[in-house]
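# Reading the structure
The lines below spell out each chain.
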Amino acid sequence: MSHNDFQQEVKDYLKKYPATRYIDIYLHDINGNVRGKRVTRDALASLGSGCYFPLSVYAMDSDGGVVNFSEAAGMNEEPDCLCLPVKGSLRPCAREPEHHAQLLLTMKQADGSPCQLEPRAILSRILGLLHARGIYPVIAAEMEFYLTSVRQGAHHSGGFHLDMPQQHQRFIDALEQLSRSQHLEVTGLVAEAESDQFELNLAHSDEVVKVCDNVLTLRRMTRLLAEKQALKASFMAKPFSAQAGSGMHFHVSLNDARGHNLFCSPTNAPNLTLRRSLAGLLTLMPASMTIVAPHVNSFRRLRKSLTEALFNDWGYNTRNAALRIPCSSDVSRRIEYRLAGADANPYLVVAVILLGVLYGLDNDSAEAPPAAQSSLPLFPLQAMQQFRQCEYLTAGLGEAFSQLWLACRSRELAQFERQVTPFEYDIGQ
């Protein structure tokens, strides 16, 4: 975005929100967490020329601890890098919309090219590989989360329940209103089958990176609005052991330059492009697990037991399949990728989905419907090993990023393993 374009965006925003006092300027780290700082309104105009953040924001684990940066990324120093505003991302912040704004940034390398460690830039690069072939992915996102009262117990209302507790209804009304003010295309909010579990749906779009921007904007908005109403919104993959986990599903189709769906085919008769895409996704699925299930808790959602995966197949209208072909007309045929947890980074999830599609288009004739993936890693260490051994995936995401990712996940796993749980105390008596 040019400096002049940003100045016009600021002018238009302040005309609509003249009482703005503060702006959160931020990046999304590799875990999808917000990293940034708060600036005053007076500093907003100068941001068109950029500001600086350390490259190490992309070398943090979930708790904000920085891994050995030079060793993991193969770099000898930890430089500050120029960060520029993302067009259209100046929006009200859920904390106090009339007075508080937020602005997404993107990091640049010294030569002005996108930062090779930034998940948003990684997705943009992979998307460009498909665009260069005349293939234009279209995606929609679904996010599940739990909404619980800080002061009260859970409410059980069942799936698709419309008449929910008043406190939840106030939250939902506020979320819908703020979503509209930010031009986020939320098409629905559905009560799931479990107590206090909901699903947010975003519209299909060929602006793939923007959809992922909006997923993370909504995730933060949901948490902040919940806090204001004495509620807690959890995007953990498996916050309650006896209840269903929370996923982040992506519906994916491929268009040609004229907007025709390349997956268009009859039910139970997938065409060659759809079969190859399914085969590629299934082939890369074991190595993708550390990306779509990034944390120790993530794997609790993906296991029926300690030895059996919950998702590992594909099928038509099958909710326990990792790759589901939903009910739709032939021209609306798409793949629903159901493997990722609500705690995953959407940029990286979509990046591995698109790499799986590319792999299938290039490496699998897929004359017959693809076979199910026979085994998936069910624990973090196994998943990291599979990822490390998959040259196609590590090269596609970038070698420096892949090394950093493994270093961050290893650090987080080591921290988890050092914890002694109450269960261990009980059985050790």
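Let me begin by describing the structure that accompanies this report. (Residues numbered from 1 in each chain as written. Predicted model: local features only at pLDDT ≥ 70, side-chain atom pairs only at ≥ 80, totals over all residues. Heavy atoms only, no water.)

### Quick look at the packing of aromatic side chains
Tallied over the entire structure, the rule returns seven aromatic pairs. On the basis of an interplanar angle of 80 degrees and a centroid distance of 5.0 Å, the ring pair of tyrosine 146 and phenylalanine 240 is categorised as edge-to-face. Of this pair, tyrosine 146 sits in strand β7 (residues 136–149) while phenylalanine 240 sits in the loop between β10 (231–234) and β11 (248–255), and the two are 94 residues apart along the sequence. When its relative accessible area of 1% is taken as the criterion, tyrosine 146 is described as buried. One aromatic cluster in this structure is built from Phe145, Phe198 and Phe235. A cation sits over an aromatic face here: lysine 37 above phenylalanine 53, 5.7 Å from the ring centre. The ring of phenylalanine 379 carries arginine 303 above its face, with NZ or CZ at 4.5 Å from the centroid. (Phe/Tyr/Trp six-rings, centres within 6.5 Å; stacked < 30°, edge-to-face > 60°. Helix = DSSP H or I, 4+ residues; strand = E, 2+ residues; numbered from the N terminus. Buried < 20%, exposed > 50% of the residue type's maximum accessible area, 1.4 Å probe, protein only. Lys NZ or Arg CZ within 6 Å of the ring centre and 35° of its normal.)

### Comments concerning the packing of helix α3 (residues 119–131) against helix α5 (residues 208–228)
For the pair α3 and α5, interaxial distance at closest approach is 10 Å and the crossing angle is 155 degrees. In terms of orientation, α3 lies roughly antiparallel with respect to α5. For the element pair α3 and α5, the recorded crossing hand is right-handed. Side by side, α3 and α5 meet where Arg120, Leu123, Ser124 and Leu127 of the first sit next to Val208, Val209, Cys212 and Asp213 of the second. (Axes fitted to C-alpha atoms, helices over the stretch in contact; angles between N-to-C directions. Parallel < 35°, antiparallel > 145°, perpendicular 65-115°, else oblique. Left-handed = near helix turned anticlockwise from the far one by under 90°. Contact = heavy atoms within 4.5 Å.)

### Notes on helix α6 (residues 272–292)
Counted at 1.5 Å a residue, the expected span for α6 with its 21 residues is 30 Å, but the 26 Å between its end C-alpha atoms falls short. The largest bend in α6 is about 70 degrees, located at proline 286. The buried count for α6 comes to 17 of 21 residues, which makes it a mostly enclosed element. (Expected span 1.5 Å × (residues − 1). Bend = angle between axes of the 7 residues up to and from the residue.)

### Things to note about the pairing of strand β6 (residues 100–107)
Counting buried residues along β6, eight of its eight residues qualify, which places the element largely inside the surrounding structure. Summarising the sheet, strand β1 (residues 22–28) and β6 pair through five bridges and their orientation is parallel. Its bridge partner being in β6, aspartate 24 is matched across the sheet by glutamine 102. Pairing analysis gives three bridges linking strand β4 (residues 80–85) to β6, with the strands arranged antiparallel. Opposite proline 85, over in β6, you have leucine 105 as the bridge partner. Inspection of the sheet shows strand β5 (residues 91–92) paired to β6 by two bridges, in the antiparallel sense. Considered in β6, the bridge of arginine 91 is made with glutamine 102. (Pairing = 2+ DSSP bridges.)

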